[in-house]
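Coordinate inspection notes
Take a look at the letters that make up each chain.
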Amino acid sequence: MATPLAPEADWVRVRVSGKINLALRVGAVRPSGYHPLSTVFQSVSLFDEVAVRWAEPGRFPVTVVGDQAGLVPTDGSNLAVKAAKLLADEYGPHRFGAELVIRKTIPVAGGMAGGSADAAGALLACSVLWDLDVSPDELRELGARLGADVPFQLMGGTALGTGRGDELVPVLSRGSYHWVLALSADELSTPAVFGRFDELNPDAPDELAMPNEVMNALVSGDAGALGAVLVNDLAPAAQSLRPELVRVLEFGREAGALGAIVSGAGPTCAFLAPNEAAAVDLSVRLSSEGMCRAVRRVTGPVPGARLITT
Ligand code: C5P
């Protein structure tokens with residue numbers, strides 16, 4: 001029997017990355033239940049792998065391995081399975097099936113769009129496996145039906161997101177940034193954080209300004225300038241649900257981070273370091289403090305969903 005993720009010829013493998021939001025401005029909830037966003041995404045080098053091979057038509061079994069694998073559902077509610085089924089329904093109902101293996105590294109329900117990354121990976125991997133004639137735009141359109149972050153997780157790099165976060169324009173970004181991530185022992189539900197945002201912001205705006213400060217800092221390539229303008233409107237909501245995040249962010253700032261933010265809806269915290277040596281120092285200090293489940297050093301931007309060729 002094939003080992004999951006072994007480079008056998010019958011497996012198509014895709015690597016997908018986690019994301020952080022360098023700016024996340026949030027407006028008043030819409031009747032759809034979604035909030036308008038004005039956000040700058042950056043993909044960072046924390047990777048999941050999604051491998052697929054042929055299965056009987058209509059069958060989509062999934063195995064999840066790696067960090068926090070036990071927290072990921074393996075039934076029809078798995079977002080990667082939903083992605084594979086959606087693609088099959090659109091391009092060949094009753095003709096396609098796929099066995100999926102997902103290797104997790106991106107935290108589950110951690111504010112880094114790991115589930116959306118796996119869905120993006122499944123879309124790309126199955127489109128190759130089934131040899132479909134599908135364009136990147138078509139994949140992004142299908143991705144948007146699965147979740148607001150899926151289109152960015154297909155694309156990767158650095159991008160401005162508007163609408164629900166699914167209308168994307170690439171953003172010019174110079175250089176590579178060194179981040180330290182503090183992963184939390186607990187998950188945070190994204191809808192719960194948005195719900196708390198509504199309670200805390202009864203007068204949230206309908207129209208959002210562009211996050212120009214962050215985009216200007218990215219063009220300059222100056223990590224200090226970027227660190228000073230990182231912004232996340234969901235941070236107070238995440239902190240009110242997880243008060244310990246306040247101490248984690250403060251510790252990172254005092255330990256020399258140029259900027260500290262809650263990643264997306266949290267609870268992962270991201271710290272921008274001036275260089276690699278400072279990132280190593282910061283990660284050691286955060287680890288020894290014992291305030292989080294794990295600490296990871298990553299860089300960004302990196303690509304989104306990409307085929308792994310062996
Ligand atoms: O699109 P996705 O399923 O990833 O979103 C998860 C949840 O996050 C939504 O059900 C909604 O509660 C919230 N959300 C939102 N506004 C957005 C994106 C997500 O309210 N723009």
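Everything here concerns the structure above.
Residues numbered from 1 in each chain as written. Predicted model: local features only at pLDDT ≥ 70, side-chain atom pairs only at ≥ 80, totals over all residues. Heavy atoms only, no water.

Brief notes about unusual backbone geometry
Here Gly-266 and Pro-267 are connected by a cis peptide whose omega angle stands at 10°. Along the chain, Pro-267 turns up in the loop between β9 (259-262) and β10 (269-273). A cis amide bond links Gly-300 with the next residue in sequence, Pro-301, at an omega value of 0°. Note on placement: Pro-301 falls in the loop between β11 (294-300) and β12 (306-308). Positive phi outside glycine occurs at His-94, with the angle close to 70°. (Helix = DSSP H or I, 4+ residues; strand = E, 2+ residues; numbered from the N terminus.)

Focus: the sheet that holds β9
Spatial ordering of the open sheet is given by β9-β10-β7-β11, a layout of 4 strands whose pairing is antiparallel. This sheet does not close on itself; its edge strands, each paired only once, are β9 and β11. The average angle at which neighbouring strand axes cross in this sheet is 25°, direction not considered. When β9 meets β10, the two strands line up antiparallel, connected through 4 bridges. Directly across from Ala-260, in β10, lies its bridge partner Phe-271. Strand contacts of helix α9 (residues 244-254): β7 (177-183), β9 and β10, with the helix running at about 5° to β10, the strand carrying the most contacts. (Pairing = 2+ DSSP bridges. Axes fitted to C-alpha atoms, helices over the stretch in contact; angles between N-to-C directions. Contact = heavy atoms within 4.5 Å.)

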